[in-house]
Every structure is written in structure tokens, then in C-alpha cells.
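Structure at a glance
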Amino acid sequence: MIIVDCREIPSLKSPLAVYTSDQVGAVPALKIHEFVLAPIHDEDVDSERVIKAIKSFLGSLSIEKHFAVIQKKNIISVVAIDDFKMEVQPTHPTDQFFSCVHCGHVTQFEAVHNNHMKIHYL
């Protein structure tokens, strides 16, 4: 598993998790200041591909020159290298994700999540 620390880019945590997990083929789990990428199969998540995906995401927003992507063991941090201030977008209820603790199924909708959880207890 790889942990991506997003303390310095909180408004980008959710879209970065979705983009990165799509690029590397992993299951994301969101936490307060970070997200975790777990492998889908038994093989490990490639940290080099994760770093490349994060840099690509930052590049698509034209803010890559303001941040460094640093790896220490299995933790990858996105760190500001200057005084760049990101405009914080207001969070909407659709910005929340619900993740299944049993299989990693992720959805934005609580009703869908609750129905999904029922299948594990049949």
C-alpha cells in the first residue's frame, strides 16, 4: 500500500485520488489529510507510477512548479515549495466518498453504499 499525503493541497485530495488510482490501477481509500492506494491484485502498487501520475495531475492544472512530490518509504507527500496559495473551492456533499471496508467499492452516494454493504451480510 502507498499513502499519499495531501495536507498542503486539501481541495485537490479527492480528484487527485481518483486520477491517481485510475492511472496506476489501485483502489483508493480517502482519509482526512491523505489517501491510501491499495493493490487490486496481489502485486504491489508501483510508487514510481504514482509519483508520475501525481506530477501529471499537477501539470494538467499548471501548478506543478509550485509543488514537489517527495517519497519516504511508502509515503508520498505533495509539498509546497513556494508561497503559492490555491483557491479553496467550497466543498459540496458530492465531494464525499463512501468506501466499502470489505471489498473497496467506492461511491459518492450514501444510499448506494448502504445497499452495497447489505450484500456482504446476506
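Refer to the structure printed above.
Overview of the structure. Worth saying up front: this structure is predicted, and the values here are computed from it rather than measured. Here the residue index of a chain counts from 1 through its sequence in written order. For this predicted model, a pLDDT threshold of at least 70 governs which residues receive local features, and a threshold of 80 or more governs which side-chain atom pairs are given and counted, while totals over whole chains, interfaces and linings are taken from all residues. The basis for the side-chain values is all heavy atoms of the structure; hydrogens and waters are excluded.

A run of H or I in DSSP counts as a helix once it spans at least four residues, and a run of E counts as a strand once it spans at least two, with each numbered from the N terminus. Expected span, for any helix, means 1.5 Å times one less than how many residues it has. Taking 1.5 Å as the rise per residue, helix 2 (residues 47-60) with 14 residues should run 20 Å; its terminal C-alpha atoms sit 20 Å apart, in good agreement. Within the sequence span of helix 2, burial applies to Ser47, Val50, Ile51, Ala53, Ile54, Phe57 and Leu58. The buried residues of helix 2 occupy an angular sector of 160 degrees when projected down its axis, which confines them to one face. For helix 2, exposure combined with an orientation more than 90 degrees from the buried face picks out Glu48, Lys52 and Ser60. Contacts between residues were defined by any pair of non-hydrogen atoms, one from each residue, lying within 4.5 Å. Residues of helix 2 that are buried make contact with strand 1 (2-5), helix 1 (13-24), strand 3 (34-39), strand 4 (67-72) and strand 5 (75-80). Any pair of N or O atoms that falls within 3.5 Å is considered a polar contact. Within protein, one atom must be able to donate a hydrogen and the other to accept it, and sequence-neighbouring residues count only if both atoms are side-chain atoms. N-capping of helix 2 is provided by Asp46, with a side-chain oxygen placed 3.2 Å from the backbone N of Glu48. Buried residues are those whose accessible area, probed at 1.4 Å on protein chains only, stays under 20% of the maximum for their type, while exposed residues exceed 50% and partly exposed ones sit between those limits. It is the directions from the helix axis to the C-beta atoms whose arc is reported.

Moving on: the pattern of salt bridges. Side chains bearing opposite charge may pair, as long as their charged atoms lie close to each other. Each salt bridge in this description consists of a side-chain nitrogen of Lys or Arg and a carboxyl oxygen of Asp or Glu lying within 4 Å of one another. This structure, assessed with the given rule, holds one salt bridge. Where Asp5 meets Arg7, a salt bridge forms, and the shortest distance between an N and an O atom there is 3.5 Å. The exposure class assigned to Asp5 is buried, which follows from its relative accessible area of 16%. Accessibility expressed as a relative area gives 51% for Arg7, which makes it exposed.

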